[in-house]
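Below are the chains, spelled out letter by letter.
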Amino acid sequence: MATSSSLRSRDTDTVQPPDSPASVRPQVSRRTGFWFAAIAFTVLMACGMAPTPLWPMYRAHDGFSATTTTVAFAMLVVGAAAGFLALGHLSDRLGRRRIVVPALLVTIVAALVLALWPELPGLLTGRLLNGIGVGLMSSTATAYLHDLHHQEYPDRPSSPLPGLVSTAATLGGLALGSLVAGVFAQWGPDPLRTTQLAFAAALIVCLAMALATPETVDRQPAAETRPSRFGLRPGGRAGFASGAALGVFSFAVLGLVTAMGAVILHTELGVSSPFVAGLAPFLMFGWSAAGLLILWRLSVSRTLCVPVVSGLFGRGVAVCGRCPVVRTSG
């Protein structure tokens, strides 16, 4: 995701490597590579959301409880945290593409594991691998997009496009993943397998696109590099703290919906349609992406007010919808 403007990097180790005429792999321009990287980022994030409308099917297939469903969902978060914190900084030393490619490979393996082993052990293993791929990609893709854009347009150092595209790819991928999986689950055969095989095929295409995208960082010896450190800009502590608090709360709500939304629709509301189960997260994440594109010009204080107001309104609508006095019969 896009890095907050209240952060600054204390280590600037990004190097613009000269184009190697001896390279045998055909490469596209950096402008085309920018969009290739954005597409790969979007598809990988979408793959992480694929099981969202499928949780009732997994429960029926293996007979596990709602608690086990939550654990299976959390495996993605565990893998993402491990990939982000332990391995994400390697792109500063090894190169951006040299991390994006393994992220795609790990996610392809995860999709195949989920397709070929839909039982609970395979589900947990696949979700963990999927999370590692998400952590590697999310820690690298934003920097990769910035590098590609800056090297293609060196006269636009302060352009907001890389940050906007990165965050839109994150939220847009999360939105599309649940919707595409819902479509496959509603109208496709054997949805627990075909959904993941479809994402594996899309990721293979993205892998070819990533291999054709230019590298932006020279490989550096381990002794000469260390993980980048970040610190707050002067006067940025209040904005960072409020933004972080809202981010934690917002993503906690989003996590609840994506982990248990389909189960709640099925058990509490009697809605068994996988398409509807995928449509709800699609609308939620889709409007998040749309809000980013609409509100990015606003000041930080005004922007932070939007999720508070909309969140309270959404919670109120949800409570009223469950109230017997408000609900209509039939």
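Here, residues in each chain are numbered from 1, in the same order as that chain's written sequence. Whole-chain, interface and lining totals are the exception, using all residues; otherwise, since this is a predicted model, local features are given only for residues with pLDDT of at least 70 and side-chain atom pairs are given and counted only at 80 or more. Think of the side-chain values as coming from all heavy atoms in the structure, minus any hydrogens and water.

What about the overall build of the protein?
Here is the rule we go by: For the purposes of this entry, the term helix denotes a DSSP run of H or I that reaches at least four residues, the term strand denotes a run of E that reaches at least two, and both are numbered from the N terminus. Between buried and exposed lies partly exposed: a residue is buried under 20% and exposed over 50% of the maximum accessible area for its type, with that area taken using a 1.4 Å probe on protein chains only. Any pair of residues with heavy atoms lying within 4.5 Å of one another is described as a contacting pair. Only the protein chains shown count as cover for residues, and the accessible areas themselves come from Shrake-Rupley with a 1.4 Å probe.
The number of helices and strands found in the protein is 11 helices and two strands. Start at the N end of the protein and walk to the C end: the helices and strands fall as β-α-α-α-α-α-α-α-α-β-α-α-α. Looking at the 330 residues of the protein, the share that counts as buried comes to 42%. In the protein, once contacts between residues fewer than 6 apart in sequence are set aside, the share between residues at least 24 apart is 86%. For the protein, the accessible surface area stands at approximately 16600 Å², while carbon and sulfur atoms represent 69% of it.

A few points about the packing of helix α1 (residues 30-48) against helix α5 (residues 97-116)
Quick note on the threshold: A fitted line through C-alpha atoms represents every axis, and for helices the fit uses only the stretch in contact; the resulting angles, taken between N-to-C directions, go from 0 to 180 degrees. We call two directions roughly parallel when the angle between them is under 35 degrees, roughly antiparallel when it is over 145, roughly perpendicular when it lies between 65 and 115, and oblique otherwise. Less than a right angle of anticlockwise turn of the near helix away from the far helix marks a crossing as left-handed, whereas a clockwise turn marks it as right-handed. Charged means Asp, Glu, Lys or Arg here, nonpolar means Ala, Val, Leu, Ile, Met, Phe, Trp, Tyr, Cys or Pro, and polar covers whatever is left, Gly included.
The contact between α1 and α5 brings their axes to 11 Å, and the two run at 30°. Relative to α5, the element α1 lies roughly parallel. In this structure, α1 crosses over α5, and the sense of that crossing is left-handed. Mapping the contact onto sequence places A40, L44 and C47 in α1 and A103, L104, T107 and A111 in α5. Across the contact of α1 with α5, the residue classes tally to six nonpolar, one polar and no charged.

A closer look at the pattern of salt bridges
Where we set the bar: Whenever Lys or Arg places a side-chain nitrogen within 4 Å of a carboxyl oxygen from Asp or Glu, that contact is recorded as a salt bridge.
The full count for this structure, using the stated rule, is four salt bridges. D92 is the salt-bridge partner of R96, the closest N and O atoms lying 2.8 Å from each other. For the pair R96 and D92, one class covers both residues: buried. Between R98 and E215 there is a salt bridge; the shortest N-O distance is 3.7 Å. With a gap of 117 residues between them, R98 in helix α5 and E215 in the loop between α8 (191-211) and β2 (230-232) connect regions that are remote in the sequence. Owing to a relative accessible area of 31%, R98 belongs among the partly exposed residues under this scheme. Overall, the relative accessible area of 9% leaves E215 in the buried class. Members of the salt-bridge network, linked through shared partners, are D92, R96 and D147.

What to know about the environment of L90
With respect to the helices and strands, L90 occurs in the loop between α3 (66-87) and α4 (91-94). Taking the C-alpha atoms as reference points, L90 and S139, 49 residues apart in sequence, are found 9.5 Å from one another. Those residues in contact with L90 that sit more than four places away from it in its chain are G95 and I99.

Examining the packing of α5 against helix α6 (residues 120-152)
With their axes 8 Å apart at the nearest point, α5 and α6 run at an angle of 160° to one another. Regarding the angle of α5 to α6, the classification is roughly antiparallel. Regarding α5 and α6, the two cross each other, and that crossing is left-handed. Looking at side-chain class alone, the contact of α5 with α6 contains 15 nonpolar, seven polar and two charged residues.

Some words on the confidence of the model for the protein
Test applied: Values of pLDDT, ranging from 0 to 100, describe the predictor's confidence in every residue of the model.
With 72% of its residues at a pLDDT of at least 70, the protein reaches an overall mean of 78. In the predicted structure, residues 1-23 sits below a pLDDT of 50 and forms 60 contacts with residues beyond four places in sequence or in another chain. Contacts for the low-pLDDT stretch residues 311-330, under 50 throughout, to residues beyond four places or in other chains number six contacts.

Let's talk about the packing of aromatic side chains
Put simply, the rule is: Each aromatic pair joins two rings of Phe, Tyr and Trp (for Trp, the six-membered one) with centres within 6.5 Å, and gets the label stacked for planes under 30 degrees apart, edge-to-face for over 60, and tilted for any other angle. Here, over-ring charges are defined by two tests on the NZ atom of lysine or the CZ atom of arginine: distance to the ring centre within 6 Å, and angle to the ring normal within 35 degrees.
On inspection of all chains with the given rule, the structure shows three aromatic pairs. Ring geometry for F34 and W35: centres 4.9 Å apart, planes at 90°, overall edge-to-face. Of the residues examined, W35 reaches a relative accessible area of 43% and is grouped as partly exposed. Consider the rings of W187 and F275, whose centres lie 5.5 Å apart with planes at 55°: the pair is tilted. A residue pair is termed long-range when its members are at least 10 positions apart, and W187 in helix α7 (residues 161-187) and F275 in helix α10 (residues 274-295) qualify at 88 residues. A relative accessible area of 26% places F275 in the partly exposed class. We note R156 situated over the ring of Y153; from NZ or CZ to the ring centre the distance is 4.2 Å.

Some words on a nonpolar patch on the surface
To keep things clear, this is the line we draw: Surface patches are drawn from residues lacking salt bridges whose relative accessible area is over 30%; two like charges belong together within 9 Å, two nonpolar side chains (Val, Leu, Ile, Met, Phe, Trp, Tyr) within 5 Å.
Taken together, the side chains of L112, L116, W117 and L197 define a hydrophobic patch exposed on the protein surface, amounting to about 390 Å² of accessible area. As for its position among the elements, W117 is in the loop between α5 and α6.

Structural notes on the nonpolar core
Short version of the rule: Nonpolar cores are built from buried Ala, Val, Leu, Ile, Met, Phe, Trp, Tyr and Cys residues. Side-chain atoms within 4.5 Å join them into one set.
Membership of the largest hydrophobic core comes to 43 residues, with the highest contact counts inside it found for L44, L104, M137 and L203. Contributions of two or more residues to this core are made by α1, α3, α5, α6, α7, α8 and α10. No other element matches α1, which puts 10 residues into this core. Leaving out residues up to four positions away in the same chain, L44 has contacts with A103, L104, T107, G133, V134, M137 and L203. Listed in part, the 11 residues of the second largest apolar core include F64, A72, L123 and V263.

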